[in-house]
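Examination of the molecular architecture
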Amino acid sequence: MPLVTLTSDIGQQDYLVGAIKGRLLRINPEFRIIDISHSLSPFNYPQAAYVCRSAIKNFPEFTFHIVLINLFESKPDQLLFAFHNNQYVLCADNGLLEMILEEKPEMVIGIPFDKPAIKNTLYCIDVAAKAITQLVNGEPVQNIGTPDASYIEKNPLRPLHGEGWIEGHIIFIDNFENVVVNITQEQFEQQRRGRRFKIVFKRDEVIERISGSYADVPQGEKLVLFNSAGYMEIAINKGNAAGLFGLRGYNDKNPGTITQNRLFYQTVKVFFES
């Protein structure tokens, strides 16, 4: 039974998530469907990439991950069907694929859309479900789509760094208003090289140690730890870090409109001892 995950920015307010699952099961009743999230911010590629990447790596090998983010940024001509690190990812041809994977996929198929078709979300789901079923049934790749198809590429959002510093963007704010920064523990340690450090945000908030859990500091105190996905997280023990400090998630939709003042609330910088 194929395991299929769903991630979207659709929300839970109307019928569409239920309709998507209905269409999947109508095409293949053997699908086992798991929701990752339907509450992602619209058009926010860094956030979507972080959530998808952090969830996908925990699934059994050969799971199919359908990502319904910004399907219609431009007139869609194809759906991408990629294979990488023993996982399948299906998403729009909008640049998100390589942001999720953080590298080129091992294989990518372009599944062309029928020109006269009405290309809405449910049509895209039909295309995805049929492609998955074909692959599971053993059909060759060339019968499903175009192997090694060209597609839109966008660079993943990576932290900036120099000899004595590393700077990251806030890419996600969770339900507890903990703030996730796009600096992994591996990247932090590579730059740190055993040195002492200061983590600085909102101009004058400073943290000088990494905690192992929220309980490492008294209630109401701020802390930094690396979360289950391996990313830096700013939190307050039993408090709301984003709300208290006015921190905001980075969105690359209109980078030209971001003011310097606004960047103070979207970035976190680590300074290492000389």
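Residues numbered from 1 in each chain as written. Predicted model: local features only at pLDDT ≥ 70, side-chain atom pairs only at ≥ 80, totals over all residues. Heavy atoms only, no water.

**Digging into the overall build of the chain**
Secondary structure assignment for the chain yields eight helices and 15 strands. Relative to a compact globule of 274 residues, whose C-alpha radius of gyration would be 19 Å, the chain shows 20 Å and is just as compact. In terms of principal-axis extent, the alpha carbons of the chain reach across some 60 × 35 × 35 Å. The buried share of the chain, taken over its 274 residues, is 51%. Within the chain, counting contacts between residues at least 6 apart in sequence, those at least 24 apart form 66% of the total. Computed over 27 positive and 31 negative side-chain charges, the separation of the two mean positions in the chain equals 4 Å. (Helix = DSSP H or I, 4+ residues; strand = E, 2+ residues; numbered from the N terminus. Rg over C-alpha atoms; globule rule 2.2 N^0.38 Å. Buried < 20%, exposed > 50% of the residue type's maximum accessible area, 1.4 Å probe, protein only. Contact = heavy atoms within 4.5 Å. Lys, Arg positive; Asp, Glu negative; His and termini not counted. Charge placed at Lys NZ, Arg CZ, Asp CG, Glu CD.)

**Looking at unusual backbone geometry**
Trans peptide bonds make up most of the peptide bonds, and negative phi angles are found at most residues other than glycine. The phi dihedral of Phe62 falls on the positive side, at around 70°, and the residue is not glycine. The residue Phe62 is located in the loop between helix 2 (45–56) and strand 3 (64–68) in this model. The backbone of Asn85 sits at a positive phi, close to 50°, despite the residue not being glycine. Examined against the element boundaries, Asn85 turns out to sit in the loop between strand 4 (78–84) and strand 5 (87–92). We classify Asn85 as exposed; its relative accessible area is 52%.

**A closer look at the pattern of salt bridges**
A complete count under the given rule lists ten salt bridges for this structure. In this structure, the salt-bridge partner of Lys154 is Glu73, at a minimum N-O distance of 3.7 Å. Of the two residues, Lys154 is situated in the loop between strand 7 (146–147) and strand 8 (160–162) and Glu73 in the loop between strand 3 and strand 4; the sequence distance between them amounts to 81 residues. For Lys154, a relative accessible area of 27% translates into the label partly exposed. Glu73 sits in the partly exposed class, given a relative accessible area of 44%. Among the ionic contacts, a cluster of salt bridges with common partners joins Glu98, Lys104 and Glu153. (Salt bridge = Lys/Arg side-chain N within 4 Å of Asp/Glu carboxyl O.)

Function-wise, these values are silent; they only describe arrangement.
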